[in-house]
Amino acid sequence: MTLTPIIYERKYAWGPAELKLGAKTQIMGILNVTPDSFSDGGRYNNVERAVAHAKQMMEDGADLIDIGGESTRPGSDIVGADEELSRIIPVIEALHQQAPDIPISVDTYKADVARQAILAGAHIINDVWGAKADADMARTAAELGCPIVLMHNRQDRNYTDYLSDVVSDLQESIQIALTAGVKAEQIILDPGIGFVKDLRENLKLMSSLGLLNEMGYPVLLATSRKRFIQNTLDVGADDALEGTAATVAFGIAQGCQMVRVHDVKPIRRTADMCDAMLYASPGIRRK
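What you are looking at is a predicted structure, and each value in this text was computed from that prediction instead of being measured.

Asks: Mind showing me how you'd approach the pairing of strand 7 (residues 124-127) here?
Replies: Put simply, side chains in a regular strand alternate between the two faces of the sheet. Of the two faces of strand 7, both are covered, the one formed by Ile124 and Asn126 as well as the one formed by Ile125 and Asp127. Pairing between strand 6 (residues 104-107) and strand 7: three bridges, direction parallel. Pairing of Ser105 across the sheet is with Ile124, part of strand 7. Since strand 6 and strand 7 lie parallel, the crossover through helix 3 (residues 111-120) that links them has a hand, and here it is right-handed. One ladder, built from three bridges, connects strand 7 with strand 8 (residues 148-151); its direction is parallel. Bridging across to strand 8, Ile125 finds its partner in Ile148. Handedness of the β-α-β unit built from strand 7, helix 4 (residues 137-144) and strand 8 comes out right-handed.

What follows is the structure, encoded as structure tokens:
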């Protein structure tokens, strides 16, 4: 069987920092500067520890670092913009100064937080609400001229036709972004694994990632240590590496070009092996 995923070629450059899609899977290292994230809450909510961990992830093979100041785990507390900014801006500034060649994404759904993070040295907006939670988010991304990750999310699980609804929800986010002036080549999609989806729905979407890959935009897959892996394998978050690696390999085979993970070194190896096989395939379609 020959795999025929679409590979989207993109190049983003910000001075010495550069992110290039189309040659290998890009590894996004997770840096949560929060006290309550589901897997690593409280470990890196100190500037020195956060920057040191980011540098270690870079040494382990991360292509970019995703910094978040508000946990998105179920039941977590909502954090105000001021508190979120106080957590992430010092880390972004320090990392940008000490490692100017690493792209930084900011994990936020608040437009003002995104704007100040980009001005402080971040390069990409990673919005878990797909530009729907804050009416100013898409316009902010357009004005700043930065890439934006639009993740699938919704208020409830009242799906009519599950996979079609996921695609339709993402199309709404895309249209919001384009209408606000975001350039098509600046849009990246995220299927939102683990958000407003039960175990069966997460697994079904994992097996149908090709649908998103065909929408015309690169796809970021964020499955690291998530509950659907824990429930499937009956393990805890800290024992979900093999499950995470399986989802990453399966996603890459369907065309996902970026993966967001906690365990950078083993997932870098997983992605490199997948890339060696996938990019040798004569069936690849490049766009």
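Asks: When you look at the pattern of salt bridges in this model, what are you seeing that I'm missing?
Replies: For side chains bearing opposite charge, pairing can occur when the charged atoms are close. Within this structure, the stated rule accounts for 20 salt bridges. Among the salt bridges present, the one from Arg154 reaches Asp169, with a minimum N-O distance of 2.9 Å. Linking Arg154 in the loop between strand 8 and helix 5 (162-180) with Asp169 in helix 5, this pair joins segments that are 15 residues apart in sequence. Looking at Arg154, the relative accessible area reads 15%, which means it is buried. What makes Asp169 buried here is its relative accessible area of 9%. Here the salt bridges do not stand alone but share partners, grouping Lys24, Asp63, Arg268 and Asp272 into one network.

Asks: Sorry, what's going on with the side chain of Asp63 here?
Replies: Structurally, Asp63 can be placed in the loop between helix 1 (47-60) and strand 5 (64-68). A distance of 2.8 Å separates a polar atom in the side chain of Asp63 from the backbone nitrogen of Ile27. Excluding its chain neighbours within four sequence positions, the residues that come into contact with Asp63 are Leu19, Lys24, Thr25, Gln26, Ile27, Ile102, Pro103 and Arg268.

Asks: Please explain the packing of aromatic side chains as it appears in this structure.
Replies: Centre-to-centre distance and the angle between the planes together describe a pair of aromatic rings. Using the criterion set out here, one finds two aromatic pairs in the structure. With a centroid separation of 6.2 Å and an interplanar angle of 15°, the aromatic rings of Tyr12 and Trp14 are classed as stacked. With a centroid separation of 4.9 Å and an interplanar angle of 85°, the aromatic rings of Tyr159 and Tyr162 are classed as edge-to-face. Look at Tyr159 and you get buried, because its relative accessible area is 14%. Over the aromatic face of Tyr109 sits the side chain of Lys110, whose NZ or CZ is 4.3 Å from the ring centroid.

Rules behind the numbers
- The residue count restarts for each chain, going from 1 along the sequence in the order it is written.
- Totals for whole chains, interfaces and linings use all residues, but because this is a predicted model, local features are given only for residues with pLDDT of at least 70 and pairs of side-chain atoms are given and counted only at 80 or more.
- Hydrogens and water are ignored here; the side-chain numbers use all heavy atoms of the structure.
- Three labels apply to residues, based on accessible area from a 1.4 Å probe with only protein chains included: buried if under 20% of the type maximum, exposed if over 50%, partly exposed otherwise in between.
- For the purposes of this entry, the term helix denotes a DSSP run of H or I that reaches at least four residues, the term strand denotes a run of E that reaches at least two, and both are numbered from the N terminus.
- We call two strands paired when DSSP finds no fewer than two bridges between them.
- Handedness rule for crossovers: strands pointing away from the viewer, path from the first strand over the helix to the second running clockwise, crossover right-handed.
- A side-chain nitrogen of Lys or Arg and a carboxyl oxygen of Asp or Glu constitute a salt bridge if their distance falls within 4 Å.
- Counted as a polar contact is a pair of N or O atoms within 3.5 Å, where, for protein atoms, one must be capable of donating a hydrogen and the other of accepting one, and residues adjacent in sequence contribute only when both atoms are in side chains.
- We call two residues contacting when some pair of their heavy atoms lies within 4.5 Å.
- What counts as a ring pair is set by centres within 6.5 Å for rings of Phe, Tyr and Trp (its six-membered ring), and what kind of pair is set by the plane angle: stacked under 30 degrees, edge-to-face over 60, tilted for all other angles.
- Here, a charge over a ring is recorded when the distance from Lys NZ or Arg CZ to the ring centre is within 6 Å and its angle to the ring normal is within 35 degrees.

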